[in-house]
Amino acid sequence: MRNTNNIILETAVKVLLFFIALYSVYIFTAGHYYPGGGFIGGLMTAGAIVLLLITYDIKTVVGILPVNFRILTAIGLLFAIGTSAGSLIFDAPFLTHAFGDVHLPILGDLSLHTATLFDLGVYFVVVGVTMTIIQTIGEDE
Amino acid sequence: MSLLHLAIVAPLILSIFIPIFNRIFRRIHTGWFVLPLPILLFVYFLTFLPETMSGKLVSKMINWIPSLGINFTAKVDGLGLLFSLLITGIGALVVLYSIYYLAKNKEMLNNFYVYLLLFMGAMLGVVLSDNLIVMYAFWELTSFSSFLLIGYWYERDKSRYGAQKSMLITVFGGLAMLGGIILLYIMTGTFSFTEIMSQANEIFNHTLFVPALLCILLGAFTKSAQFPFYIWLPDAMEAPTPVSAYLHSATMVKAGIYLVARFTPVFGEHFLWLWLVAGVGVLTMIWGSVFAVKQTDLKAILAFSTVSQLGLIMSLLGVGAAALHYEFLDENIYTVAVTAAIFHLINHATFKGSLFMAAGIVDHETGTRDIRKLGGLMHFMPITFTISIIGAFSMAGLPPFNGFLSKEMFFTAMVHVTEMDIFNLETLGILFPVLAWIASIFTFIYSMILVFQTFTGKYKPEKLDKKPHEAPMGLLISPIILVSLVIIFGFFPNLLSDSLISPAMASILPSLLGAGEEFKVHISFWHGPTIELFMTLGVIILGLVLYKTHARWKKIYKGIPEKLALNRFYDFLLEGLQSASYKVTNTYMNGSIRSYLVYIFAFLIVILAATLFGKNAFTVSTSNVSSIGVYEVALAILVVLGSICILFAKSRMTSIILLGAVGYTVSLFYVLFRAPDLALTQLVIETISVALFLVCFYHLPKLRKFETRMRFKLMNALISVGVGAIVTLIALSAHSSKLFDSISRYYVENTYTEAAGKNMVNVILVDFRGFDTLFEITVLAIASLGIFGMIKLRLNRRNEG
């Protein structure tokens, strides 16, 4: 991309990025009870990375985040299918979810859902897919 | 899951672990890990012998898709068991042979054994499934694994050509067979073969009976390389020799035979069945044997000989079906054809298997399979010579080997055809024994060519790449076992008659047996001076004369065109298809994305409008709508204004930003209607897509108004207005007509109780309609890989060029 000297954007992004990323994680984990979920969370994370991309250039971003997004997509799919198929082991139909209340130290009482694992798969796939597309098109010069 | 099911899928399961074994135990030939399985399975299937011999059958069922009547029913009867033993028995020998044939350092062993195991499992599935849909699935899997194995040396052009050819032809037949299965389902209402068989008499006069028969036969003929579909088999010889021995002579090509045998109780009484199966069989037999004589490649001779022998077995099954018309006879002489078919099936597997392996050894130790270069190898490879001569003599039908016995029975069956008084056979029937006899003479000639041109005559060391020597012991074990069987079955044929042949016949001709009865099979060497004996003598004498004078006949054989007309037709069809579809595609794929959008939207308008008004579905009712407030009006005006501005934007940047603005406004609508999830999604999507546009910006050409013709603009305006109008109409109609209760009530009630979630949208996404999400993300992933591949591949090509 072009080499622009955009000091305001660069400074703002350095701070904003973490907020966006953190918020996207919140949105993802909140999904089961409040607005949010893997899809939105994933898109927001991708949005954060895209912001980074626009501010700096692709090489810098690859240096900061040396992630192969195609593999991330695959991991996400594996999560989604693995969670879905996991119920087969317990002789329940494909995609049956389970949940339970667990008490964890520090975090306190938590309601844990296998649906969250599935959603994590969705999250990874969305981040992976968006970034793969934007990166490949962006790199193609 | 019963042990029987496990036995069927065991090869498939093992195939998953083969790459791991190959990776971890690099120093051990991967074949050693495969070998125990077929041996184990062979022993396991042997334990079914007492059951089938007493006329019982073992049947185990697992529900698969019960709502469609598709269940994985495994059934072991005489016929299925015979094939299972062949598949696992020959399979074990072939694996053993391949361990010495394929060098562990040079070959891609993990690929090879994975394909081989896939094939083995698929083949067991074909012969042991009672449900026709399951059988069909396994059937196609055999085609695919055969494709992969033929193309094993995929860097060779010929391998790829042969693999594609076999795939196209056998899968074409497979699809026809699927059609036949569905027709049978329409007639009987079941996919279970056992139930279809019990209704055979009721469907005999059904109008779909003949189409079903033809479709099933098409499947069988393509798989078993019958005329005119045999052309794929000679090209399939590009596969490694163990594969040729296993798939393309002993097992897979016999799947068609199996199918014909299996369906004889259903279709056998129809005259078309008898004429087609027997007629095509005899035609294939003579055609294959004549072509075998003119080949110069050892494996090509064997390939055409396999075609010919398959024709022989096929014709026997056809003639055997006539037995169903003579149920009243006490001594039903036509059952001998079925006996011969099964007996020859076993014999062919033994002698052809050993011959293929011997040819492989010759290839392996001399570097060529061309009989013009070979000769005098007898002194270098005495054991291989012994194997070949026994195999070839058995193939030629010489005593005391098993081929002689089945050949005699074949003649008996063919002679009996002339005595039939049905379906015009009393006049044309004479053709059968005559053609069979001529084909046998050619069989004799090519058998002799195969052995004596290779092993006797002058030794030509200057034409060979390597100095020939006897093969290592490991390579010889399997063919030695097979030729021992050739001799054992030759001397003691009745070892097979009660254990395998009689139960298999009971599966093919069940209606001829009363309760508790079984077929009495007795095979003997000496029948006295019968017509069959004289036919054999004639074959030997004429064959010897023709072989001795072979050099003189070569010219005539050459007269048969080198490039067969059928092959030419196949190539022509393939190329024609390619160029024609290229032309058709080029007429509308002009590379401009604008045209594609025009097609898509034009179709959208036409189809939706036709449905909407054709079904008279357009209604508007204002009964169930909310009031319109000031916010909605303001947002609507913003959306409309933004959209209109895009039309007049001068630069691309402006239009992208305007588009984003419209998108954000739409998301505000969601906020108004209290849909926070949708609003969030829309906001983020909008952001990302604007960013994507900015990334692409660099590549896009300057926004030019190059098409300023009035007609073009008018057309675009018409289509865009049309799309807007039709979508609005549908939205209005969908809101106004409630054909059934809304499903949202269900979600509202169950989201917390069933899925313990409070966010309904998210619970629907991950739980209630999780399947949708699963497939959606899969589609997304595939799309992103597609984009990646498209752009990266283009880059590579540009870098190279």
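What you see is a predicted model; the values in this text were computed from it and never measured.

### Structural notes on the overall build of chain A
A tally of regular secondary structure across chain A gives five helices and two strands. Ordering the α and β elements of chain A from the N terminus gives α-α-α-α-β-β-α. In terms of overall dimensions, chain A has C-alpha extents of about 60 × 35 × 25 Å along its principal axes. By residue count, 40% of the 141 residues in chain A fall in the buried class.

### What to know about the overall build of chain B
Looking only at helices and strands, chain B features 34 helices and two strands. Here the C-alpha coordinates of chain B stretch approximately 110 × 65 × 55 Å along the principal axes. Counting every position in chain B, which comprises 801 residues, the buried fraction comes to 44%. Taking contacts inside chain B between residues at least 6 apart in sequence as the whole, the part at least 24 apart equals 78%.

### Examining helix α2 (residues 38-55) of chain A
End to end, α2(A) covers 26 Å across 18 residues, agreeing with the expected 26 Å (1.5 Å per residue, within 8%). Counting buried positions along α2(A) gives 16 out of 18 residues, so the element sits mostly inside the fold.

### Comments concerning helix α30 (residues 676-697) of chain B
For α30(B), built from 22 residues, the straight-helix expectation of 32 Å at 1.5 Å per residue is met to within 8% by its first-to-last C-alpha distance of 31 Å. Three or more residues of α30(B) are buried, namely B:D677, B:A679, B:L680, B:T681, B:Q682, B:L683, B:V684, B:A691 and B:V695. Each element contacted by the buried residues of α30(B) is listed here: α2 and α5 (114-139) of chain A together with α29 (652-672) and α33 (760-768) of chain B.

### Details of the pairing of strand β1 (residues 58-65) of chain B
Residue and element names in this part refer to chain B. Relative to strand β2 (residues 70-76), β1 runs antiparallel, the two being bridged by seven bridges. Its bridge partner being in β2, K60 is matched across the sheet by A74. Count of turn residues in the β1/β2 antiparallel hairpin: four residues, of which G69 carries a positive phi of about 75°.

### Some remarks on the environment of B:F393
Within the secondary structure layout, B:F393 lies in helix α18 (residues 382-396). Once the C-alpha coordinates of B:F393 and B:F444 are considered, the two residues, 51 residues apart in sequence, prove to be 8.2 Å apart.

### Digging into the interface of chain A and chain B
Each partner contributes to the interface: chain A provides 42 residues, whereas chain B provides 39 residues. Residue assignment for the side of chain A that touches chain B shows that the elements contributing at least two residues are α2, α4 (69-89), β2 (108-113) and α5 of chain A. Here the element with the most residues in the side of chain A that touches chain B is α5(A); it accounts for 13 residues. Residues that form the side of chain A that touches chain B fall into these classes: 23 nonpolar, 15 polar and four charged.

### A few points about the environment of B:M197
On the secondary structure map, B:M197 appears in helix α9 (residues 193-198). If near-sequence neighbours (up to four positions away) are discounted, B:M197 is found in contact with B:P265 and B:V266.

### Re the domain arrangement of chain B
In terms of domain boundaries, chain B breaks down into domain 1 (1-207), domain 2 (268-510), domain 3 (593-739) and domain 4 (746-801). One C-alpha centre belongs to domain 3 of chain B, the other to domain 4 of chain B, and the line joining them spans 23 Å.

### Structural notes on the packing of helix α16 (residues 298-320) of chain B against helix α17 (residues 335-366) of chain B
Direction vectors running N to C along α16(B) and α17(B) enclose 170°, while the axes themselves pass 8 Å from each other. Relative to α17(B), the element α16(B) is oriented roughly antiparallel.

### Let's talk about the nonpolar core
Core analysis: the largest hydrophobic core is formed by 211 residues, its most contacted members being B:M123, B:L149, B:V277, B:L316, B:L317 and B:I342. No other element matches the 18 residues that α17(B) contributes to this core. Counting residues domain by domain, this core receives three or more from each of domain 1 (1-207) and domain 2 (268-510) of chain B. Core analysis: the second largest hydrophobic core is formed by 47 residues, A:I27, A:A115, A:F118 and B:I777 among them.

### Concerning the packing of α17(B) against helix α22 (residues 473-491) of chain B
Residue and element names in this part refer to chain B. In contact at an axis separation of 9 Å, α17 and α22 are set at 150° when each is read in the N-to-C sense. By the angle between their directions, the pair α17 and α22 is classed as roughly antiparallel. Where α17 crosses over α22, the handedness of that crossing is left-handed. Only L475, S478, P479, L482, V483, L485, V486 and F489 of α22 make contact with α17, whose side of the interface consists of N347, T350, F351, G353, S354, M357, A358 and I361. Across the contact of α17 with α22, the residue classes tally to 11 nonpolar, five polar and no charged.

### Details of the environment of B:V134
All names here are of chain B. Topologically, V134 is positioned in helix α7 (residues 132-150). Take V134: there are 23 C-beta atoms within 10 Å of it, and that puts it in the buried class. It is 40 Å that separates the C-alpha atoms of V134 and E419, two residues lying 285 residues apart in sequence.

### Section: unusual backbone geometry
All names here are of chain B. Residue F227 is joined to P228 through a cis peptide bond whose omega torsion reads 0°. Here P399 and P400 are connected by a cis peptide whose omega angle stands at 5°. Here P400 is to be found in the loop between α18 and α19 (402-417). Here N616, not a glycine, exhibits a phi torsion of approximately 55°, which is positive. Unlike most non-glycine residues, R674 shows phi in positive territory, near 55°.

Procedures and definitions
Each residue is numbered by its place in its chain's sequence as written, counting from 1. All chains are assigned letters beginning at A, and all ligands numbers beginning at 1, according to the order in which they are written. Totals for whole chains, interfaces and linings use all residues, but because this is a predicted model, local features are given only for residues with pLDDT of at least 70 and pairs of side-chain atoms are given and counted only at 80 or more. Each helix is a run of DSSP H or I of at least 4 residues and each strand a run of E of at least 2, with the numbering of both proceeding from the N terminus. Neighbour density around each residue's C-beta defines its exposure: 20 or more other C-beta atoms within 10 Å make it buried, 12 or fewer make it exposed, and counts between make it partly exposed, where C-beta atoms are placed from the backbone. We call two residues in contact when their backbone-placed C-beta atoms lie within 7 Å. Residue count minus one, scaled by 1.5 Å, sets the expected span of a helix. Strands were regarded as paired on the criterion that DSSP finds at least two bridges between them. For this classification, Asp, Glu, Lys and Arg are treated as charged, while Ala, Val, Leu, Ile, Met, Phe, Trp, Tyr, Cys and Pro are nonpolar and the rest, including Gly, are polar. Domain borders in the structure are assigned automatically or taken from a domain database. Fitted lines through C-alpha atoms give the axes, limited to the stretch in contact for helices. The angle between two N-to-C directions lies from 0 to 180 degrees. The cut-offs work like this: below 35 degrees is roughly parallel, past 145 is roughly antiparallel, 65 to 115 is roughly perpendicular, and the gaps in between are oblique. Nonpolar core, as used here: buried Ala, Val, Leu, Ile, Met, Phe, Trp, Tyr and Cys residues forming one set through C-beta atoms within 7 Å. Here is the rule for handedness: rotate from the far helix to the near one, and if that takes an anticlockwise turn smaller than a right angle the crossing is left-handed, while a clockwise turn gives right-handed.

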